[in-house]
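# Residue-level structural notes
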Amino acid sequence: MSEYILQMKEIVKEFPGVKALKGVKLDVRPGRVHALMGENGAGKSTLMKCLIGIYHKTSGTIIYDDREIDFETTQEALNNGISMIHQELSPVLERSVSENVWLGRQPMLNFLMVDHKKMRQMTLDLFSQLDVDIDPDELMKNLTVSQMQMVEIAKAVSYNSKIVIMDEPTSSLTEREVGHLFRIIRELRDKGVAIIYISHKMDEIFEICDDVTVFRDGAWVGQEEVKNITMDKLITMMVGRELDEMFPKTECEIGDVILKVEDLCAGKLVKHVSFELHRGEILGFAGLVGAGRSETMEAIFGLRTVTNGKIYKNGKELNIKSPVDAISNGIGFLTEDRRAKGIVPIRSICDNTILSSLKTYGTPLNHRKIRQDTQEYCGKINVKTPSIDELIQNLSGGNQQKVLVARALLNDPEILIVDEPTRGIDVGAKAEIHSLLSELAGQGKAVIMISSEMPEIMGMADRMIVMHEGDVTGELKREEFDQELIMKYATGV
Amino acid sequence: MDKFKKFCKNNTIWVVLIGFFILAAILSPNFLTWTNIKSVLMTESIIGILATGIMWCILSKGTDLSAGSMVALSSCIIASLTQLESYSMRMYPNLNMPIILAVLITLLVGAVVGAFNGCCVAYLKVPAFIATLGTQLICRAAAQIYTNAYPVPELKPGLKFLGQGMVFGVIPVLVLIFAIMLCISGFMLNFTRFGKNVFAIGGNDQAARVAGINVEFNQMCVFIFSSVCAALGGVLLAARSGVGNSAFGQSYELDAIAAATVGGTSQTGGVAKITGVIAGVLILGIVKNIMLLIGINAYWQNIVKGAIIIFAVVIDMRKNARKN
Ligand SMILES: Nc1ncnc2c1ncn2[C@@H]1O[C@H](COP(=O)(O)OP(=O)(O)OP(=O)(O)O)[C@@H](O)[C@H]1O
Ligand SMILES: [Mg+2]
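Computed from a predicted structure; not experimentally measured.

Moving on: the interface of chain B and chain A. At the junction of the two partners, chain B supplies 24 residues and chain A supplies 28 residues. A buried area of about 2200 Å², summed over both sides, lies between chain B and chain A, and 66% of it is on carbon and sulfur atoms. Looking only at chain B, the three residues that lose the most surface to chain A are Arg193(B), Lys196(B) and Val210(B), adding up to 30% of its buried area. With a closest N to O distance of 2.8 Å, Asp351(A) and Lys196(B) form a salt bridge. Our count for the contact surface shared by chain B and chain A stands at 7 residue pairs in polar contact (both at pLDDT 80 or more). Taken together, the elements giving at least two residues each to the side of chain B that touches chain A come down to helix H8 (173-191), helix H9 (193-203) and helix H10 (205-210) of chain B. With 6 residues, the single largest contributor to the side of chain B that touches chain A is H9(B).

To continue, consider the pairing of strand E9 (residues 211-216) of chain A. The side chains of a regular strand alternate, residue by residue, between the two faces of the sheet. Residue and element names in this part refer to chain A. Of all the 6 residues making up E9, 5 are buried; the element is thus mostly covered by neighbouring parts of the structure. Of the strand pairs in this sheet, strand E3 (residues 33-37) and E9 are connected by 4 bridges, and their pairing is parallel. Bridged to Leu36 within E9 is Thr213. Relative to strand E10 (residues 219-225), E9 is paired through 6 bridges, and the arrangement is antiparallel. Pairing of Arg216 across the sheet is with Ala219, part of E10. With antiparallel pairing between neighbouring strands as the criterion, E9 and E10 make up a hairpin whose turn holds 2 residues, including Asp217 at a positive phi of roughly 50°.

Further remarks concern a nonpolar patch on the surface. All names here are of chain B. A grouping of Trp34, Phe168, Val170, Ile171, Leu176, Ile180 and Ile184 is seen on the molecular surface, where their side chains present a nonpolar patch of about 690 Å² in accessible area. Counting residues per element, the nonpolar patch draws most heavily on H8, at 3 residues. Along the chain, Val170 turns up in the loop between strand E1 (166-167) and strand E2 (171-172).

All right, on to the domain arrangement of chain A then. Residue and element names in this part refer to chain A. When the domains of chain A are assigned, the result is domain 1 (6-81 + 161-239) and domain 2 (257-490). The interface is formed by 21 residues belonging to domain 1 together with 21 residues belonging to domain 2. In this assembly, domain 1 packs against domain 2 so that about 1600 Å² is buried in total across both faces, 57% of it on carbon and sulfur atoms. Applying the counting criterion to the domain 1 and domain 2 interface returns 1 salt bridge. Residue Lys384 pairs with Asp217 through a salt bridge whose shortest N-O separation is 3.8 Å.

Our next topic: helix H5 (residues 99-123) of chain B. With 25 residues, H5(B) extends 35 Å between its outermost C-alpha atoms, agreeing within 8% with the 36 Å of an ideal straight helix rising 1.5 Å per residue. Phi turns positive, to about 60°, at Lys125(B), one or two residues after H5(B).

For the structure on display, the rule yields 8 aromatic pairs over all chains. Both rings, one in Phe275(A) and one in Phe285(A), keep their centres 5.1 Å apart while their planes meet at 75°; by these two values the pair is edge-to-face. With Phe275(A) in strand E12 (residues 270-278) and Phe285(A) in strand E13 (residues 282-287), this residue pair connects regions lying 10 residues apart in the sequence. Ring centres 5.8 Å apart and planes at 25° place the aromatic pair Phe187(B) and Phe191(B) in the stacked group. Residue Phe187(B) and its partner Phe191(B) are located together in helix H8, separated by 4 residues, close to a single helical turn. According to the relative accessible area criterion, Phe187(B) is partly exposed, its value standing at 36%. For Phe191(B), a relative accessible area of 35% puts it in the partly exposed group.

Residues and elements named next belong to chain B. Relative to the 38 Å expected for 26 residues at 1.5 Å per residue, helix H3 (residues 34-59) spans 35 Å between its end C-alpha atoms, a close match to the ideal helical length. The largest bend along H3 reaches roughly 35° and is located at Ser45. Counted residue by residue, H3 has 20 buried out of 26 residues, so it is predominantly covered. Two residues or fewer past H3, Lys61 is found with a positive phi of approximately 70°.

Another aspect to go through is the site of ligand 1. Looking at ligand 1, there are 22 residues lining it, with Ser45(A), Thr46(A), His200(A), Ser396(A) and Gly398(A) nearest. Ligand 1 is flanked by residues contributed from chains A and B. The separation between an oxygen atom of ligand 1 and a polar side-chain atom of Ser45(A) is 2.6 Å. Asn394(A) is positioned such that a nitrogen or oxygen atom in its backbone is 3.1 Å from an oxygen atom of ligand 1. The fraction of the free accessible surface of ligand 1 (640 Å²) that becomes covered by protein chains is 94%. Secondary-structure elements contributing two or more residues to the shell around ligand 1 are helix H1 (44-51) and helix H14 (397-410) of chain A. Split into classes, the residues belonging to the shell around ligand 1 amount to 5 nonpolar, 12 polar and 5 charged. Both of domain 1 (6-81 + 161-239) and domain 2 (257-490) of chain A provide at least three residues apiece to the shell around ligand 1.

What counts, and where the lines are drawn
Residues numbered from 1 in each chain as written. Chains lettered and ligands numbered in written order. Predicted model: local features only at pLDDT ≥ 70, side-chain atom pairs only at ≥ 80, totals over all residues. Heavy atoms only, no water. Contact = heavy atoms within 4.5 Å. Buried area = accessible area lost by both parts, 1.4 Å probe. Salt bridge = Lys/Arg side-chain N within 4 Å of Asp/Glu carboxyl O. Polar contact = N/O pair within 3.5 Å; in protein donor to acceptor, adjacent residues only side chain to side chain. Helix = DSSP H or I, 4+ residues; strand = E, 2+ residues; numbered from the N terminus. Buried < 20%, exposed > 50% of the residue type's maximum accessible area, 1.4 Å probe, protein only. Pairing = 2+ DSSP bridges. Patch = residues over 30% accessible without salt bridge, like charges linked within 9 Å, V, L, I, M, F, W, Y side chains within 5 Å. Areas by Shrake-Rupley, 256 points an atom, 1.4 Å probe, with all protein chains shown as cover. Domains from an automatic or database assignment. Expected span 1.5 Å × (residues − 1). Phe/Tyr/Trp six-rings, centres within 6.5 Å; stacked < 30°, edge-to-face > 60°. Bend = angle between axes of the 7 residues up to and from the residue. Near = heavy atom within 4 Å. Nonpolar A, V, L, I, M, F, W, Y, C, P; charged D, E, K, R; others polar.

So this is what it looks like as structure tokens:
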């Protein structure tokens, strides 16, 4: 018996035109949480996909449970005790939660019929064991992104695997659920399960992980025990240089009210929301999952039907029926749901970047200017790609997100609403995006920022509004920011 | 050698087209005659014009099954408006309309039908397959009612010129019009905002909406364009055959969809190439022609056609599968 449950050696993976992995290794011990870190596009997800048979490695060896393996399909990996929570969720939206959990392995009544009652009970058992509070009969499409993420986590755990891979599992969870996930992880770990944990959130690594392996540009940089390493050292390993500042917040003058929202109601999750936004301000929205922050912003942007309330810009009432109206009124929006509402997967980076700004390129479209702008904006935030003609679906998750940020910035809105702007983005690029947002505010524009990352929102916002189940429960000035106070408002007590 | 292989891989469809062309030339000495080639081009031009329109529908994740019966309806309308004044049984005995106006009216009818399709799909959220299936029945019946299901003959020479005439004595007008439509379509696809919008809608309609694209309006435009193309096809078919007929255009929409599909327009939306449509139209045209020339019976022709379509989609899917 080797001390490792999994050893990957000299793994190489080539895509047409790109060498994503250039001979990396990974040694995972049972009963440990192993962090896998690196910048966007370093090859973390690719390595995991090679392990579970979604991709096939070009060369290298994988030793799992003392035998050499090379899984052809995910099914095979699951049967052998390796399950994975994917970075990009792909639930079957039209089916129920329990059907999603047991997809492809439903309990059968006989050789033909699915035993729905048992399936429902199994889901209930699983959820109560993990302390998840979601109705198994609810349709998947009615869940919030973070609830979907919890379902996905429950599903991965339900395989009783020896290795659970988690690819940015917390990117759409809020603080409380992260705590919840960490409890689950510790339980699994104590049972001897090995966990491979991919995340860009430093504090999580130090809280939950035992070992860490770092990749850079598809190459192995080093492996350390977390207790022997400092945050700065880790960042230097990842980025290859030292980072000046995480939250480059520049104080700038707060001007007149640019946007005023009065008594806004939309659906169940936006109840009489009122707030003001000033020029030169970054207004943070904090809250737990289901607090209605994204819903409020979607309502302002014309993606949801507003049932009550008024929106004023510069004192003039706006009538926004669709995103087209919002954009022509100078409001920009970066969605939190990158895959469903953000990217057009089968189009190039270039086409994705300019999608909101097509109007500015005339007819016939000025292709030279389009390419110039794409180069400029994608360069600014460091999108890592062989060419801007690459299909966006071939980029790593973080790089896709960067392209969406570029799209929002290129459109040059007066009011920019960003919903989880740095989800899945590496530390270096995160700082870059923060400074771009600061810059926008400095130009007398205004930014609304929803973020579930406490340090981010506390570091960047001038003022913060806290929501709880569709109500605004608190408003804090920068001097008053305090994690406990925010949590108090967010939980509505 | 490697370069050649790569070239073949990236231009599979043209390689296949050349292959069929050579095969046809070997199988039948009559294939390479100018008369034959001209006739193939003229026949396929009409299908081709339909295909350029339908390509847009497929690109935006829809389809247009009404194109064939739109051909019938518009052939009847244009014919009824351009009958010879000397013909005693004219539908409108006192009418004397300039041909250009008659064509415009017919295209306008096409636009109205397209707008109806577009409305159903974009605003009422009827699946395109169902909406256009309904319009297919409606258009065919409208043509039959309009003409009592009799052919409408004796058309003015000015109109017939569109379908039978030659420019500079060599280029059929019909083929020229097809070329113009291809250029227009290609231009819209690659150089206008509309083209980019439709690509985005086909690729991910929700993302397109969030990015500030008016999804419904653009879908509407797509269906209007497709139906106008079909109406133009009807005008040209009437011009070519010298009659309008409510039985025209049977299953033309399927041929057009097939041509667009063979040309690499993906049924999952978001992928299309105008050069692909040209190649698709020509491949199916040549295959039809070879079988005619070497005297294979009509039933076998359809079997071969069906096989080619499925084969084209299999290749397309495999290309996608390998990428992931
Ligand atoms: N299907 C593909 N085709 C071509 N290139 C790909 C494909 N999948 C990934 N790549 C490339 O491989 C590299 C590694 O991507 P990967 O998704 O593994 O990064 P990652 O480390 O998970 O980054 P992130 O933190 O952003 O998720 C990237 O440069 C990406 O462009
Ligand atoms: Mg990844």
